[in-house]
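# Results of the structural survey
Next come the chains, spelled out residue by residue.
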Amino acid sequence: MTNNSGRAIAVSVDWDAEAAGFDEEPDHGLRDPEVRAAWAARLGTWLPDRPADVLDLGCGTGSLALLAAERGHRVTGVDLSPPMVELARAKLAGRDAVFLVGDAAAPPVGERRFDVVLVRHVLWTLPDPARVLRRWRGLLRPGGRFVLVEGVWGTVSPVGIPADRLAGLLEAVAGEVRVERLSDDTALWGKTVGDERYAVVARV
């Protein structure tokens, strides 16, 4: 893991234990109609207009996957936590979606290829983001896209990936990179935030 200067850090969270209460955060469960609508609107601009195959890595309880499925996309979600995956399966029961237990850095999808790799607040926790992005690039079809939502959190010992750094990493694997700042959109988070939050959409 790295902090915003690129130095290694340790991130230790028991996601199995966190699963039961994960959706209580406004931007996790998207239970507030305003927060849900804000994320749905953003995804509407980030994802393809036509039905597409979306790979949601570090999918958690499947809140973004559900929004994508509601737009007609076919979703494959991957998360390392079995309890998170079970909650995602229940949330998207009856939808065109499948959820797998596995490592987001090395998704267990075999030779399948996708139109979108969708990742929110996951890449910064992985030891070698550049290497992971190259691996994810291999999962995209020609003309596919990355949709990566990341940030930098904390002031004393900030952790995360600054937008400029992530954009630079993506330039090595994608032909078109666009950064969208999200910190000022309080509807996305259900509160005012003072840290750096953003999305990068990169076409390959």
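Here we summarise the structure given alongside this text. Since this is a predicted model, take the numbers as computed values, not measurements. (Residues numbered from 1 in each chain as written. Predicted model: local features only at pLDDT ≥ 70, side-chain atom pairs only at ≥ 80, totals over all residues. Heavy atoms only, no water.)

### Observations concerning the nonpolar core
Selection rule: Residues grouped as a nonpolar core are buried Ala, Val, Leu, Ile, Met, Phe, Trp, Tyr and Cys residues, joined through side-chain atoms within 4.5 Å. Three labels apply to residues, based on accessible area from a 1.4 Å probe with only protein chains included: buried if under 20% of the type maximum, exposed if over 50%, partly exposed otherwise in between. The way it works is that DSSP assigns letters per residue, a run of H or I at least four long becomes a helix, a run of E at least two long becomes a strand, and they are numbered from the N terminus. Whether two residues are in contact is decided by their heavy atoms, any of which lying within 4.5 Å being enough.
In this structure, Trp39, Leu43, Trp46, Leu64, Phe99, Leu118 and Leu182 are the most contacted members of the largest nonpolar core, which totals 31 residues. Counting residues per element, the ones that place at least two in this core are helix H3 (33-46), helix H4 (63-70), helix H5 (82-91), strand E4 (114-120), strand E5 (140-153), helix H8 (186-189) and strand E8 (196-203). A per-element tally of this core places H4 first, with six residues. Residue contacts for Leu64: discarding those within four places in its chain leaves Leu30, Trp39, Leu43, Asp56, Leu118 and Arg120. Among the nonpolar cores identified, the runner-up in size contains 30 residues, and Val78, Leu140, Val173 and Ala174 belong to it.

### Observations concerning H5
Spelled out, the test is: Arc definition: it is the arc formed by the directions from the helix axis to the C-beta atoms.
Those residues of H5 that sit buried are Met84, Val85 and Ala88. On an axial view of H5, the arc spanned by its buried residues comes to 95°, and they lie on one face. For H5, the secondary structure elements touched by its buried residues are helix H1 (15-18), strand E2 (74-79) and strand E3 (97-101).

### Observations regarding the packing of aromatic side chains
As a reminder of what qualifies: Side-chain rings of Phe, Tyr and Trp (the six-membered ring for Trp) are treated as a pair once their centres are within 6.5 Å; stacked means planes under 30 degrees apart, edge-to-face means over 60, and tilted covers the remaining angles. A positively charged side chain is recorded as over a ring if its NZ (Lys) or CZ (Arg) lies within 6 Å of the ring centre. The angle to the ring normal must also be within 35 degrees.
Inspection of the entire model under this criterion finds three aromatic pairs. Measuring from ring centre to ring centre gives 6.3 Å for Trp39 and Trp46, while their planes differ by 70°; the resulting arrangement is edge-to-face. Given a relative accessible area of 0%, Trp39 falls into the buried group. Aromatic pair Trp39 and Trp189: ring centres 5.4 Å apart, planes at 85°, arrangement edge-to-face. In this pair, Trp39 is assigned in helix H3 and Trp189 in helix H8, connecting sequence segments 150 residues apart. As far as burial versus exposure is concerned, Trp39 and Trp189 are alike and both buried. An aromatic cluster of three or more residues is present, and its members are Trp39, Trp46 and Trp189. The ring of Trp39 carries Arg120 above its face, with NZ or CZ at 4.6 Å from the centroid. Lying across the ring of Trp189, Arg197 places its NZ or CZ 4.5 Å from the centre.

### Describing the packing of helix H6 (residues 129-137) against helix H7 (residues 163-171)
We count it as follows: Fitted lines through C-alpha atoms give the axes, limited to the stretch in contact for helices. The angle between two N-to-C directions lies from 0 to 180 degrees. Reported orientations rely on four angle classes, namely roughly parallel under 35 degrees, roughly antiparallel over 145, roughly perpendicular from 65 to 115, and oblique for the rest. Here a crossing is taken to be left-handed if its near helix is turned anticlockwise relative to the far helix by less than a right angle, and right-handed if that turn runs clockwise. The classification used treats Ala, Val, Leu, Ile, Met, Phe, Trp, Tyr, Cys and Pro as nonpolar, Asp, Glu, Lys and Arg as charged, and all other residues, Gly among them, as polar.
Put simply, H6 and H7 touch, their axes get as near as 10 Å, and they point 45° apart. In terms of orientation, H6 and H7 fall into the oblique class. Crossing hand, H6 versus H7: right-handed. For the pair H6 and H7, contact is made by Pro129, Ala130 and Leu133 and by Arg165, Leu166, Leu169 and Leu170, respectively. Its residues placed into classes, the contact of H6 with H7 shows six nonpolar, no polar and one charged.

### As for unusual backbone geometry
Negative phi values dominate among residues other than glycine, just as trans dominates among peptide bonds. Here His121, not a glycine, exhibits a phi torsion of approximately 55°, which is positive. Mapped onto the elements, His121 comes out in the loop between E4 and H6.

### Quick look at the environment of Val200
Checked against the element boundaries, Val200 lands in strand E8. Relative accessible area serves as the criterion here: at 0%, Val200 is assigned to the buried category. Along the sequence, Val200 and Arg145 sit 55 residues apart, while their C-alpha atoms lie 10.0 Å from each other. In this structure Val200 touches Phe146, Val147, Leu148, Leu166, Leu170, Val177, Arg178 and Val179, once residues within four positions along its chain are discounted.

### So, the environment of Val117
Mapped onto the elements, Val117 comes out in strand E4. Exposure remark for Val117: the relative accessible area of 0% places this residue in the buried category. Sequence-wise, Val117 and Asp56 are 61 residues apart; in three dimensions their C-alpha atoms are separated by 6.2 Å. The contacts of Val117, once residues within four sequence positions are left out, are Leu55, Leu57, Trp136, Leu140, Arg145, Phe146, Val147 and Leu148.

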